[in-house]
Amino acid sequence: YHKTVLNNGVRIISEQLEHLRSISLGIWVNAGSRDEARSENGIFHFIEHMIFKGTQNRSSLQIAKDLDAIGGLSNAFTGKENTCFHARVLGNHFVDLADIFSDIFLHSTFASDDMERERQVILQEINMVEDTPDDNIHVLFNRFFWMGHPVGMSILGTGETVSSFNRETILKYISKFYVPG
């Protein structure tokens, strides 16, 4: 692999595998649920959901169409220590994929109607974990093992915290954590 560090501190790790005919791209944010204030627990997971919902240049439908046009599959995940947005595309569409990901990462609008729809999805996700004992035991274990420490908080947040998020809260976290420094 090859590591490049840009002047602004962004680290780029690349590797060329001659036997593959696809391109993968991941943007890793060095922040996760451990970096959240207790009152804003679940904000990084909320941002993860929202970032694909539309930009100043593309609607969520257009993002999906643009990815589909280049054979793309995209996803994201939030952890305790980082958040990742990743995709894989066919052939030599790196420039197209980099354009789409740069757009969603730098120009997401976090529109109010999208936030309300996604809030309901996340609240349902929280309820599903609470209703699934073999998932919920991990949430409970972490809460009690790391009692009082941010690592003990659920990555998903709580119904109360997720219900409180607004656009300003999201933008505050993005301006603090989604920058090269």
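**Q** Before we go on, may I ask you to explain the pattern of salt bridges in this structure?
**A** Two side chains of opposite charge can pair, provided their charged atoms sit close to one another. Throughout the structure, instances matching the rule amount to eight salt bridges. A salt bridge links Asp-99 to Arg-58; the shortest N-O distance between them is 2.7 Å. Of this pair, Asp-99 sits in helix H3 (residues 94-107) while Arg-58 is found in the loop between helix H1 (43-50) and helix H2 (60-69), placing the two residues 41 residues apart along the sequence. Residue classification places Asp-99 among the partly exposed residues on the basis of a relative accessible area of 42%. Residue Arg-58 is classed as buried on the basis of its relative accessible area of 13%. One network of salt bridges, with partners in common, ties together Arg-58, Asp-66, Asp-99 and Asp-103.

**Q** For this particular structure, what's the right way to read the sheet that holds strand E4 (residues 73-78)?
**A** Pairing between the strands of a sheet comes from backbone hydrogen bonds, and it takes one of two forms, parallel or antiparallel. Strand order in the open sheet made by the three strands is E3-E5-E4, with antiparallel pairing throughout. Each edge of the open sheet is held by one strand with a lone partner, namely strand E3 (22-29) and E4. For this sheet, the mean inter-axis angle between neighbouring strands, taken without regard to orientation, is 10 degrees. For E4 and strand E5 (residues 83-90), the ladder comprises six bridges, and the chain directions are antiparallel. In the sheet register, Asn-75 faces E5, and the bridge partner there is His-86.

**Q** Got a minute to help me understand the environment of Asn-127 in this structure?
**A** Mapped onto the elements of the fold, Asn-127 is located in helix H4 (residues 112-130). For Asn-127, a relative accessible area of 42% corresponds to the partly exposed category. When the C-alpha positions of Asn-127 and Thr-158 are compared, they lie 9.4 Å apart, and in sequence the two are 31 residues distant.

**Q** Looking at this structure, I do not really get unusual backbone geometry. What am I missing?
**A** Glycine aside, the phi torsion of most residues is negative, and most peptide linkages are trans. Phi is positive for Phe-110, close to 55 degrees, though the residue is something other than glycine. Within the element layout of this structure, Phe-110 appears in the loop between H3 and H4. In this structure Phe-110 comes out as buried when scored by relative accessible area, which is 3%.

**Q** Where do I start with the packing of aromatic side chains in this structure?
**A** The way to describe two aromatic rings as a pair is by their centre distance and the angle between their planes. Scanning the model with the defined rule gives 13 aromatic pairs in all. Look at Phe-141 and Phe-145: their rings are 5.4 Å apart centre to centre, the planes differ by 20 degrees, and that puts the pair in the stacked class. Taken as a pair, Phe-141 and Phe-145 lie in helix H5 (residues 133-145) at a separation of four residues, close to a single helical turn.

About the criteria used
Residues numbered from 1 in each chain as written. Predicted model: local features only at pLDDT ≥ 70, side-chain atom pairs only at ≥ 80, totals over all residues. Heavy atoms only, no water. Salt bridge = Lys/Arg side-chain N within 4 Å of Asp/Glu carboxyl O. Helix = DSSP H or I, 4+ residues; strand = E, 2+ residues; numbered from the N terminus. Buried < 20%, exposed > 50% of the residue type's maximum accessible area, 1.4 Å probe, protein only. Pairing = 2+ DSSP bridges. Axes fitted to C-alpha atoms, helices over the stretch in contact; angles between N-to-C directions. Phe/Tyr/Trp six-rings, centres within 6.5 Å; stacked < 30°, edge-to-face > 60°.

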